[in-house]
Amino acid sequence: MLHESNTSSEAHFTDELYTPFASDWPSIAGRPPRRVSKKIWVGNVPVGGDAPVSVQSMLVNDTRDIKESIYQIQRLADAGVDIVRLAVPDAEAAEALKSIVPASPVPIVADIHFDYRLALQSADNGVHAIRINPGNIGSKDFVRKVVEKCKERELPIRIGVNGGSVEKAIKLAYPKQLERQLVESALLNARILEDENFDQFKISVKASDPLQAVTAYRELARRCDYPLHLGVTEAGTLKRGISKSAFALGMLLYEGIGDTIRVSLTADSVEEVFAGHEILRSVGLRQEGVNIISCPACGRCEVDLHGLTTEVEQLVAKLDVPLTVAVMGCFVNGPGEAEHADVGIAGGIGQYYIFRGEDRIRRVPEAEALDALKEEIARATEEFKKANPDWQGSKQAQLIKK
Ligand code: SF4
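Residues numbered from 1 in each chain as written. Predicted model: local features only at pLDDT ≥ 70, side-chain atom pairs only at ≥ 80, totals over all residues.

Some thoughts on the overall build of the protein
For clarity, the cut-off: Strands here mean DSSP runs of E at least two residues long; helices mean DSSP runs of H or I at least four residues long; both are numbered from the N terminus. The burial label depends on the number of other C-beta atoms within 10 Å of a residue's C-beta. Counts of 20 or more mean buried, 12 or fewer mean exposed, and intermediate counts mean partly exposed, with C-beta atoms placed from the backbone. Residues are defined as contacting one another if the C-beta atoms placed from their backbone atoms lie within 7 Å.
When helices and strands are counted, the protein shows 14 helices and 15 strands. The C-alpha extent of the protein, read off along each of the three principal axes, is 75 × 50 × 40 Å. By residue count, 44% of the 402 residues in the protein fall in the buried class. Sequence-distant contacts, at least 24 apart, represent 63% of the contacts inside the protein between residues at least 6 apart.

Looking at the nonpolar core
As a reminder of what qualifies: Think of a nonpolar core as buried Ala, Val, Leu, Ile, Met, Phe, Trp, Tyr and Cys residues chained together by C-beta atoms that fall within 7 Å.
In this structure, Ala-110, Ala-119, Ile-130, Val-146, Ala-186 and Tyr-217 are the most contacted members of the largest nonpolar core, which totals 83 residues. When near neighbours in sequence (up to four residues on either side) are disregarded, Ile-130 contacts Ala-110, Ile-112, Ala-119, Ser-122, Ala-123, Val-146, Cys-150, Leu-155 and Ile-157. Leu-308, Ile-345, Tyr-352 and Ile-377 belong to the second largest nonpolar core, which has 24 residues in total.

Section: helix α7 (residues 178–195)
Convention followed: Given a helix with a known number of residues, its expected span is that number minus one, times 1.5 Å.
Taking 1.5 Å per residue, 18 residues should reach 26 Å; α7 reaches 26 Å between its end C-alpha atoms and fits that length. Within the sequence span of α7, burial applies to Leu-178, Glu-179, Gln-181, Leu-182, Val-183, Glu-184, Ser-185, Ala-186, Leu-187, Asn-189, Ala-190 and Leu-193. Asn-197 sits one or two positions beyond α7 and adopts a positive phi of about 60 degrees.

Examining the sheet that holds strand β14 (residues 351–356)
Filter applied, for reference: Strand pairing follows a simple DSSP-based rule, namely that at least 2 bridges must link the two strands. Structural elements are reduced to axes, namely lines fitted to C-alpha atoms, with helices fitted over the stretch in contact, and the angle between N-to-C directions of any two is expressed from 0 to 180 degrees.
Strands sit in the order β11-β12-β13-β14-β15 across an open sheet of five strands; the sheet is mixed. Strand pairing shows two members of the sheet lacking a second neighbour, β11 (291–294) and β15 (359–365), which therefore form its edges. Each neighbouring strand pair of the sheet contributes to a mean axis angle of 20 degrees, computed without reference to strand direction. Bridge count between strand β12 (residues 324–328) and strand β13 (residues 343–347): four bridges; the pairing is parallel. In the sheet register, Met-328 faces β13, and the bridge partner there is Ala-346. Along the sheet face, helix α11 (residues 305–316) touches β11, β12 and β13 and points at about 165 degrees away from the line of β12.

Side note on the sheet that holds strand β7 (residues 157–162)
With parallel pairing, the eight strands of this open sheet are ordered in space as β8-β7-β6-β5-β4-β3-β10-β9. What marks the edges here is a single partner per strand, and that holds for β8 (201–206) and β9 (229–230). Pairing of β7 with β8, which is carried by six bridges, proceeds in the parallel orientation. Counterpart to Arg-158 in the pairing with β8 is Lys-202. In this fold helix α4 (residues 116–124) packs onto β5 (108–112) and β6 (129–132), with an angle of close to 165 degrees to the strand it touches most, β5. Its contacts with the sheet place helix α10 (residues 269–282) against β3 (54–58) and β10 (260–262), and it is angled at close to 160 degrees to β3.

If you want it as structure tokens, here you go:
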């Protein structure tokens, strides 16, 4: 990449040469529209239709530990999660829901495998949705019993299919075609629910291979209008999991597919929420929250940039205004590379410069950098709110909730 214009080649950048090229340039406005899907409600959160794409996560602690479950749900809610799922492996866990659900600030989905009776118990104990993996529930009759209960309680269902639970007949019919197996299994089970005159459900067809997940979701999107819950299952540890999910979910969302997402990570669930928001922001489906841009640092950097960036990330985690904050290693290239940022900070020798656009407005010792940036972000936030009096921030999504 060229940082500066080269006088010897300036003649090539004339309007005549550049303009026709620019008019052909693809833009975000050319992004495919969102797939038209049916809207359902998980508690007070809409999923599908014109609803914003919601971010989900799952508890990793023992659901029977009520205190810990409530604490973990609150942590996820503080990170901005929209919906939380928890495992219900036995009757004691289902019983704990009586105390957990009323204490939760976000809707709770009960994750049920094998025993349909746990789904019935969870529904009676107040959850906002039931996730079943129909392939391991045992029989169509058991699935029907879950549907009956959900109808009675006005709860939606997620049909959550993955490679481990595809029906034998489907596996035999489409050997070595996991994507097709997932889709056929999902549609088979969707038909069971439809036969019961039940349409309040969403579907997931998670594969652990991101390409297979993309293929399966694309096909499913083509073949039904139910809302889709996107995810790459068993995606892995923090770095690998985020990379795989960003690729698969980003690609699908860019194509307009997907109504709610979960980034599955072998890591703190709070990281799943942050990753989910960042993926949505990257594909232009989320505005709220501060976008941090930071340079990787190089030999020109004379400050602890990585340390400061981590602190800035924590500083703005709960801000919902759509500001861009730049954290750059040096003043040589920093402001130029980040001129579109609302607020920026760039390193000098043992000090930092605060800048707005390309203007350097203050110089502070390294130890005072975070406080100075905090002040400037607060100022930029006020300016933004003044210029956008109707801005509701994260309440923006609340407005369309029930
Ligand atoms: S902004 Fe400065 S420190 Fe950061 S990568 Fe660019 S030249 Fe290096």
